[in-house]
Structure formats: C-alpha cells, structure tokens
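Residue-level listing of the chains:
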Amino acid sequence: MPIISEMPGFVAYYFADAGDGVMVSTGVFEHKDAEEQSNFRAGEFVAEHLAPLMPNPPQVTAGEVVSYKAG
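Residues numbered from 1 in each chain as written. Predicted model: local features only at pLDDT ≥ 70, side-chain atom pairs only at ≥ 80, totals over all residues. Heavy atoms only, no water.

Engineer: How do you make sense of the layout of surface pockets when you look at a structure like this?
Structural biologist: Where empty space is left becomes clear once a probe the size of a water molecule has been rolled over the atoms. Put simply, the largest pocket is a space of about 1,800 Å³. If you trace the largest pocket, you find 40 residues lining it, with Ser25, Thr26, Asn39, Gln59 and Val60 closest to the centre. Mapped by element, the contributors of at least two residues to the lining of the largest pocket are α1 (2-5), β1 (10-19), β2 (22-29) and α2 (32-50). Counting residues per element, the lining of the largest pocket draws most heavily on α2, at nine residues. Taken together, the residues that form the lining of the largest pocket break down as 24 nonpolar, twelve polar and four charged. (1 Å grid on protein atoms, 1.4 Å probe; cavity = no way out; pocket = protein on both sides within 12 Å on 5 of 7 lines; lining within 4 Å. Points joined across faces, edges and corners; volume = space filled by probe spheres on them. Helix = DSSP H or I, 4+ residues; strand = E, 2+ residues; numbered from the N terminus. Nonpolar A, V, L, I, M, F, W, Y, C, P; charged D, E, K, R; others polar.)

Engineer: How should the confidence of the model for the protein be read in this particular structure?
Structural biologist: Reading predicted coordinates in detail is not appropriate for stretches of low pLDDT. Looking at the protein as a whole, the pLDDT averages 88, with 100% of positions reaching at least 70. Taking the mean pLDDT of every element in the protein, the minimum, 86, falls on α1 and the maximum, 93, on β1. (pLDDT = per-residue confidence, 0-100.)

Engineer: I tried to follow the packing of aromatic side chains on my own but got confused; where do I start?
Structural biologist: The description of two aromatic rings rests on the distance between their centres and on the angle between their planes. A complete count under the given rule lists one aromatic pair for this structure. The interplanar angle of 75° and the centroid separation of 6.0 Å between the aromatic rings of phenylalanine 10 and phenylalanine 29 together place this pair among those described as edge-to-face. Here the residue phenylalanine 10 occupies a position in strand β1, and phenylalanine 29 occupies one in strand β2, the gap between them amounting to 19 residues. We classify phenylalanine 29 as buried; its relative accessible area is 15%. (Phe/Tyr/Trp six-rings, centres within 6.5 Å; stacked < 30°, edge-to-face > 60°. Buried < 20%, exposed > 50% of the residue type's maximum accessible area, 1.4 Å probe, protein only.)

Given below as structure tokens:
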C-alpha cells in the first residue's frame, strides 16, 4: 500500500479476503493516469516479491465510479 498511497491522485485503497483463497483489492484515484500508474507499479512489486505466493495471476479491472456513499 505505501507504493500507491504516496502517488499523486491517490484517494483510497481497500483490501478484502473474499474467502476460498480469493483476495480483492480496490484502489480509488482522482484520475485515470494515477490509476494506470498505480497498476503498473503494483504489478512490478507483485512480480518481484509476491509471485511465488500467488497460484493465479492477478486480474485487473478498471472503471469509473458511478455511485458512492461515505459515512
């Protein structure tokens, strides 16, 4: 998380255990350029440090926020 949280445009990051060995993370950024750069940098980190721990490669999906509510 320190890799992307220090990037310009970072808003929030969530990481959840979905069960059965599935982990889900969501990064929120102010603009698409920041999101793309974060995927690149996080991908480098995963390939270098975490690849042996992951039986399947990560799947990356991107999109626009269409609705949210904060408490």
